Amino acid sequence: MNTTTDLKVVYFPSCINRSMGKNSFQDSDDLQLTSLTHQLLVRAGFTIIYPEALDTHCCGMPFSSKGFDEANHAQSEALEKDLLKVSENGKHPILYDMSPCFYHSKEEFKSDLKIVDPIEFMLDYVMPLLTIKNKKDAVVVFPVCSVKKIGKMDQLLALSNLCANNVTIIDSNCCGFAGDRGFLVPELNEHGLRDLKTQIPTNCKEGYSTSRTCEIGFEKMSGIDFKSIFYLIEEVTR
């Protein structure tokens, strides 16, 4: 259910999505995820508010995962302070575009901010405002670890079924990318996705998720176009 009253949303693009660009299957004129999300929200009728010091912000997870607790808390506190201000002390919902970042802030924040993960926001806030015009035939979808932790599996499947006639949920406990560890120890990713190709239907060339680094590992191991589910939503409602 759309609980907004004036269709304002604070959009916090994760530092990973701001910096890592597009995958190798995307064309040069395809939009970066942050620009595509902006376009999608505007088309749904939202007025978008950004954090004032966006370029300085990170949820803190990259520091936390390396054991740098002081840096993690400093980054998280600075982000929370800015989000409190631009959301008018929690009046407006705050969209995260990566599930792991949402999960981290949910664990770190002390205030009662209305932060919303990418799956819930698209399913409950955006999709009711858009018309699905051209569902995909077949897609594969991967629920990243944080999606399982926050219990969004059913919502992810519901969102995917709105966009495609045949949805295959990839069965893997973890893709093995584990933040940035897939860059450093690719064997983890290779082991986590050792059964991936057998799960992808032969007529399926597109996969979707809600974590950029996981998608990088999936693209490498599957050989198909793997990107944010926001691209799927934008395409089928365009």
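Scroll up to find the structure.
Let us look at the structure shown here. (Residues numbered from 1 in each chain as written. Predicted model: local features only at pLDDT ≥ 70, side-chain atom pairs only at ≥ 80, totals over all residues. Heavy atoms only, no water.)

A closer look at the overall build of the chain
Helix and strand counts for the chain stand at 13 helices and eight strands. Relative to its length of 238 residues, the chain is compact, with a C-alpha radius of gyration of 17 Å against a globular reference of 18 Å. Each principal axis of the C-alpha atoms in the chain carries an extent, and together these give about 50 × 45 × 35 Å. Buried positions account for 51% of the 238 residues belonging to the chain. Partitioning the contacts of the chain with sequence separation of at least 6, the portion at a separation of at least 24 is 72%. (Helix = DSSP H or I, 4+ residues; strand = E, 2+ residues; numbered from the N terminus. Rg over C-alpha atoms; globule rule 2.2 N^0.38 Å. Buried < 20%, exposed > 50% of the residue type's maximum accessible area, 1.4 Å probe, protein only. Contact = heavy atoms within 4.5 Å.)

Some words on the sheet that holds strand 2 (residues 47-49)
Pairing is parallel across the open sheet formed by four strands, whose spatial order is 2-1-3-4. Edge positions in the sheet fall to strand 2 and strand 4 (115-116), since each has one partner strand and no second. Strands strand 1 (8-12), strand 2 and strand 3 (94-96) of the sheet are contacted by helix 2 (residues 33-43), whose axis makes an angle of about 175 degrees with strand 1. (Pairing = 2+ DSSP bridges. Axes fitted to C-alpha atoms, helices over the stretch in contact; angles between N-to-C directions.)

Let's talk about the packing of aromatic side chains
Within a pair of aromatic rings, the relevant descriptors are the distance that separates the centres and the angle that separates the planes. This structure, assessed with the given rule, holds eight aromatic pairs. Geometrically, the ring pair formed by Phe177 and Phe183 is edge-to-face, given 4.9 Å between the ring centres and 90 degrees between the ring planes. Look at Phe177 and you get buried, because its relative accessible area is 3%. In this structure an aromatic cluster arises from ring pairing among Phe12, Tyr96 and Phe102. The residue whose ring lies beneath Lys227 is Tyr231, and the NZ or CZ to ring-centre distance is 5.8 Å. (Phe/Tyr/Trp six-rings, centres within 6.5 Å; stacked < 30°, edge-to-face > 60°. Lys NZ or Arg CZ within 6 Å of the ring centre and 35° of its normal.)

Quick notes on the pairing of strand 8 (residues 225-228)
Taken together, the four bridges between strand 7 (residues 206-209) and strand 8 define a ladder with parallel strand orientation. Considered in strand 8, the bridge of Glu206 is made with Asp225. Between the parallel elements strand 7 and strand 8, the chain passes through helix 12 (residues 212-222) in a crossover that is right-handed. (Right-handed = clockwise from strand over helix to strand, strands pointing away.)

Structural notes on the state of the cysteines
Scanning the model with the defined rule gives zero disulfides in all. A disulfide-free cysteine, Cys204 has its sulfur positioned 14 Å from the sulfur of Cys163, the nearest such atom. The buried category is assigned to Cys204, whose relative accessible area is 2%. Cys175 provides the cysteine sulfur closest to Cys214, a residue in no disulfide bond, and the two sulfurs are 3.7 Å apart. In this structure Cys214 comes out as buried when scored by relative accessible area, which is 10%. (Disulfide = S-S within 2.5 Å.)

A word on the packing of helix 4 (residues 69-86) against helix 5 (residues 99-108)
To characterise two packed helices, one gives the angle between the axes of the helices and the distance between these axes. The geometry of helix 4 relative to helix 5 is characterised by a closest axis approach of 11 Å and an angle of 90 degrees between their N-to-C directions. By the angle between their axes, helix 4 is roughly perpendicular relative to helix 5. Contact residues: Asn72, His73, Ser76 and Leu79 in helix 4; His104, Ser105 and Glu108 in helix 5. Residue classes in the contact of helix 4 with helix 5 are distributed as one nonpolar, five polar and one charged. (Parallel < 35°, antiparallel > 145°, perpendicular 65-115°, else oblique. Nonpolar A, V, L, I, M, F, W, Y, C, P; charged D, E, K, R; others polar.)

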